[in-house]
Amino acid sequence: IARRIVIVFKQYVCGFDLLRVQEGDSLVSYVCDVNGWSFVKNSRKYYDDCAQILTEHMLAAVKPKALHGFSALDPLMKI
């Protein structure tokens, strides 16, 4: 999971929080918070981008078919 986070956010992170959900016989983990290095703490764009990416990934996991034509990265973008 950590490797995926580093690749998606294109920077190193110092931590993340997991939400674990029982789905049938499996325990599935979802990342629900990503903690970046201290230099991003005053960056509004960093947090906006993180929120958009996490929103899109969580919605895609919960209702993949409901997202047709929707992108959190650009809500007005037609897919």
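No experiment lies behind these values; they were computed from the predicted model shown. (Residues numbered from 1 in each chain as written. Predicted model: local features only at pLDDT ≥ 70, side-chain atom pairs only at ≥ 80, totals over all residues. Heavy atoms only, no water.)

**Quick look at the overall build of the protein**
Argument step 1. Along its length, the protein carries 2 helices and 2 strands.
Argument step 2. The buried share of the protein, taken over its 79 residues, is 20%.
Argument step 3. Taking as baseline every contact in the protein between residues at least 6 positions apart, the subset at least 24 positions apart corresponds to 21%.
Argument step 4. For the protein, the accessible surface area stands at approximately 6,300 Å², while carbon and sulfur atoms represent 58% of it. (Helix = DSSP H or I, 4+ residues; strand = E, 2+ residues; numbered from the N terminus. Buried < 20%, exposed > 50% of the residue type's maximum accessible area, 1.4 Å probe, protein only. Contact = heavy atoms within 4.5 Å. Areas by Shrake-Rupley, 256 points an atom, 1.4 Å probe, with all protein chains shown as cover.)

**Here we look at the confidence of the model for the protein**
Argument step 1. Mean pLDDT over the protein works out to 75, with 71% of the residues at or above the 70 mark.
Argument step 2. The element-level mean pLDDT for the protein is lowest in helix 1 (residues 2–9), coming to 79, with strand 2 (residues 26–36) highest at 84. (pLDDT = per-residue confidence, 0-100.)

**Concerning the nonpolar core**
Argument step 1. With 7 residues, the main nonpolar core is built from Ile5, Phe9, Val31, Val34, Tyr46, Cys50 and Leu54.
Argument step 2. Only helix 1, strand 2 and helix 2 (44–62) provide two or more residues apiece to this core.
Argument step 3. Of the residues forming this core, the biggest block, 3 residues, is contributed by helix 2.
Argument step 4. In this structure valine 31 touches Ile1, Ile5, Phe16, Asp17, Leu18 and Leu54, once residues within four positions along its chain are discounted. (Core = buried A, V, L, I, M, F, W, Y, C linked by side-chain atoms within 4.5 Å.)

**Thoughts on the layout of surface pockets**
Argument step 1. The computed volume of the largest pocket comes to approximately 350 Å³.
Argument step 2. Around the largest pocket, the lining is made up of 14 residues, and of these Arg4, Ile5, Val31, Leu54 and His57 lie nearest the centre.
Argument step 3. Of all the elements in the fold, those that place two or more residues in the lining of the largest pocket are helix 1, strand 2 and helix 2.
Argument step 4. Residues belonging to the lining of the largest pocket are distributed by class as follows: 11 nonpolar, 2 polar and 1 charged. (1 Å grid on protein atoms, 1.4 Å probe; cavity = no way out; pocket = protein on both sides within 12 Å on 5 of 7 lines; lining within 4 Å. Points joined across faces, edges and corners; volume = space filled by probe spheres on them. Nonpolar A, V, L, I, M, F, W, Y, C, P; charged D, E, K, R; others polar.)

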